[in-house]
Amino acid sequence: MNIGLIAHDSKKKLMQNFCVAYRGIMSKNELYATGTTGRLIEEVTNLNVHKFLAGHLGGQQQLSAHIEQNLIDLVIFLRDPLSPKSHEPDVNNVVKICDIHNIPLATNVATAELLIKALDNGDLDWREVYK
């Protein structure tokens, strides 16, 4: 499965910790991330991450394009709802595109844990049929 990973600046450390905690599951899948988030994940996990541009430089649009092409099966987007972003339309676009294309999306660590455990249990195998 292909997992998309995005984290706002204030959530990057949380994303790193999440990926360390679930490194075993993550290592069985292909990881795609916006540039800075991907680099930070690689630094602490030694996992291979396909990195797009930094989110504010177009990485969120690149990930969105992969979602639209049905190349991403699950997205974990740890976002900071309390800090408005200058590129907020791009942020909202990722959420919208996941909804349009029926891609499971977590925007907080509690939901991310549920989805990553479901992935490990085979509960998201329907994505292979959906493709």
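Residues numbered from 1 in each chain as written. Predicted model: local features only at pLDDT ≥ 70, side-chain atom pairs only at ≥ 80, totals over all residues. Heavy atoms only, no water.

1. A short note on unusual backbone geometry
Step number 1: For Asn-46, which is not a glycine, the phi torsion comes out positive at approximately 65 degrees.
Step number 2: Looking at where Asn-46 falls in the secondary structure, it is placed in the loop between helix 3 (35-45) and strand 3 (49-51).
Step number 3: The phi torsion at Asn-70 lies on the positive side, around 65 degrees, for a residue other than glycine.
Step number 4: Mapping Asn-70 onto the fold places it in the loop between helix 4 (59-68) and strand 4 (74-78). (Helix = DSSP H or I, 4+ residues; strand = E, 2+ residues; numbered from the N terminus.)

2. Points about the packing of aromatic side chains
Describing an aromatic ring pair means giving the distance of the ring centres and the angle of the ring planes.
Step number 1: This model, assessed by the stated rule, comprises two aromatic pairs.
Step number 2: Taken together, a centroid distance of 5.0 Å and an interplanar angle of 45 degrees make the contact between Phe-18 and Tyr-22 tilted.
Step number 3: Phe-18 gets classed as buried once you look at its relative accessible area, which sits at 3%.
Step number 4: Ring geometry for Tyr-32 and Phe-52: centres 6.2 Å apart, planes at 25 degrees, overall stacked. With Tyr-32 in strand 2 (residues 30-33) and Phe-52 in the loop between strand 3 and helix 4, this pair connects stretches of sequence that are 20 residues apart. (Phe/Tyr/Trp six-rings, centres within 6.5 Å; stacked < 30°, edge-to-face > 60°. Buried < 20%, exposed > 50% of the residue type's maximum accessible area, 1.4 Å probe, protein only.)

3. Let's talk about the nonpolar core
Nonpolar side chains tend toward joint burial in soluble globular proteins.
Step number 1: Counting 24 residues, the largest nonpolar core has Leu-5, Met-26 and Ile-116 as its most contacted members.
Step number 2: Elements that contribute at least two residues to this core include exactly strand 1 (2-7), helix 1 (12-21), helix 2 (23-26), strand 2, strand 4 and helix 6 (109-121).
Step number 3: Sort the elements by how many residues they give to this core and helix 6 lands first, with four residues.
Step number 4: Not counting chain neighbours up to four residues away, the residues in contact with Met-26 comprise Ile-3, Leu-5, Phe-18, Cys-19, Leu-31, Leu-47 and Ile-116.
Step number 5: Counting residues in each nonpolar core, the second largest holds twelve residues, with Ile-67, Ile-72, Cys-98 and Ile-103 among its members. (Core = buried A, V, L, I, M, F, W, Y, C linked by side-chain atoms within 4.5 Å. Contact = heavy atoms within 4.5 Å.)

4. Section: the pairing of strand 2
Step number 1: Bridge count between strand 1 and strand 2: four bridges; the pairing is parallel. Of the residues in strand 2, the one forming a bridge with Leu-5 is Ala-33.
Step number 2: As judged from the three bridges shared by strand 2 and strand 3, these two strands associate in the parallel manner. The partner of Ala-33 across the bridge, within strand 3, is Lys-51.
Step number 3: In the classification by handedness, the crossover that spans strand 2, the intervening helix 3 and the parallel strand 3 is right-handed. (Pairing = 2+ DSSP bridges. Right-handed = clockwise from strand over helix to strand, strands pointing away.)

5. Topic: the pairing of strand 1
A regular strand carries its side chains on alternate faces of the sheet.
Step number 1: Taking burial as the measure, the six residues of strand 1 include six buried ones, the bulk of the element.
Step number 2: Here strand 1 shows two buried faces, one formed by Asn-2, Gly-4 and Ile-6 and the other by Ile-3, Leu-5 and Ala-7.
Step number 3: In this sheet, strand 4 lies alongside strand 1 in parallel orientation, the contact comprising five bridges. The residue bridging Ala-7 from the neighbouring strand is Leu-78, located in strand 4.

6. Remarks on the side chain of Ser-64
Step number 1: With respect to the helices and strands, Ser-64 occurs in helix 4.
Step number 2: Ignoring anything within four residues of it in the chain, the contact list for Ser-64 reads Asn-93, Val-94 and Ile-97.

7. Remarks on the sheet that holds strand 4
The pairing of strands in a sheet comes from backbone hydrogen bonds and takes either a parallel or an antiparallel form.
Step number 1: Spatial strand order, 3-2-1-4-5: five strands in an open sheet with parallel pairing. If you trace the sheet from one side to the other, it starts and ends with strand 3 and strand 5 (105-106), each paired once.
Step number 2: Note: strand 4 against strand 5, two bridges, orientation parallel. For Ile-76, the partnering residue across the bridge sits in strand 5 and is Ala-106.
Step number 3: Packed on one face of the sheet, helix 1 meets strand 1 and strand 4 and runs near 150 degrees to strand 1. (Axes fitted to C-alpha atoms, helices over the stretch in contact; angles between N-to-C directions.)

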